[in-house]
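Listed below, chain by chain, are the residues.
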Amino acid sequence: MNDLPIYLAMCGFIVMGLGALIKPLLVTTHLLVALRHAELRGGIVFASACALAGMAAGRLVSALIDRTIDKGPLLYLVIEVAVALLLIFAL
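Note that the coordinates shown come from a computational prediction; the quantities given were computed from them, not determined experimentally. (Residues numbered from 1 in each chain as written. Predicted model: local features only at pLDDT ≥ 70, side-chain atom pairs only at ≥ 80, totals over all residues. Heavy atoms only, no water.)

Draft legend 1. Quick look at the nonpolar core. Residues Ala34, Ile44, Val45, Ala49, Leu52, Ala84 and Leu87 constitute the largest nonpolar core, which totals seven residues. When residues of this core are traced back to their parent elements, those giving at least two are α3 (38-66) and α4 (71-89). Excluding its chain neighbours within four sequence positions, the residues that come into contact with Val45 are Ala34, Leu87 and Leu91. (Core = buried A, V, L, I, M, F, W, Y, C linked by side-chain atoms within 4.5 Å. Buried < 20%, exposed > 50% of the residue type's maximum accessible area, 1.4 Å probe, protein only. Helix = DSSP H or I, 4+ residues; strand = E, 2+ residues; numbered from the N terminus. Contact = heavy atoms within 4.5 Å.)

Draft legend 2. Region of the structure containing the layout of surface pockets. In this structure, the largest pocket occupies an estimated 210 Å³ of space. Looking at the largest pocket, the residues that line it are Leu52, Met55, Arg59, Tyr76, Ile79, Glu80 and Val83. Secondary structure elements with two or more residues in the lining of the largest pocket: α3 and α4. By residue class, the composition of the lining of the largest pocket is five nonpolar, no polar and two charged. Residue lining of the second largest pocket: Phe13, Met16, Gly19, Ala20, Leu26 and Val27, and that is the complete set. At the level of elements, α1 (4-22) and α2 (25-36) are the ones that each hand at least two residues to the lining of the second largest pocket. Looking at the lining of the second largest pocket element by element, the count peaks at four residues for α1. Tallied by class, the residues present in the lining of the second largest pocket amount to five nonpolar, one polar and no charged. (1 Å grid on protein atoms, 1.4 Å probe; cavity = no way out; pocket = protein on both sides within 12 Å on 5 of 7 lines; lining within 4 Å. Points joined across faces, edges and corners; volume = space filled by probe spheres on them. Nonpolar A, V, L, I, M, F, W, Y, C, P; charged D, E, K, R; others polar.)

Fair warning: the whole summary comes from geometry, so function is off the table for now.
As structure tokens, then:
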């Protein structure tokens, strides 16, 4: 019974990943809206930058707890920080 939440999380990640592969616009539509609607741009871009910064912070906390970080998570950490900074500069 303790494993059920883990299996549910795994299923959720699989579904999200497949959705992103099949229809990339599902995960990028908010940025298209930001490009087309100037009145929404600031909020959407700021929220997206905060989300990416939060993901990077989570990876950093995990690395500090584990006292190690593999190449894959490090790559995503760098990408998340870089894109978050690009979005902040776009404001």
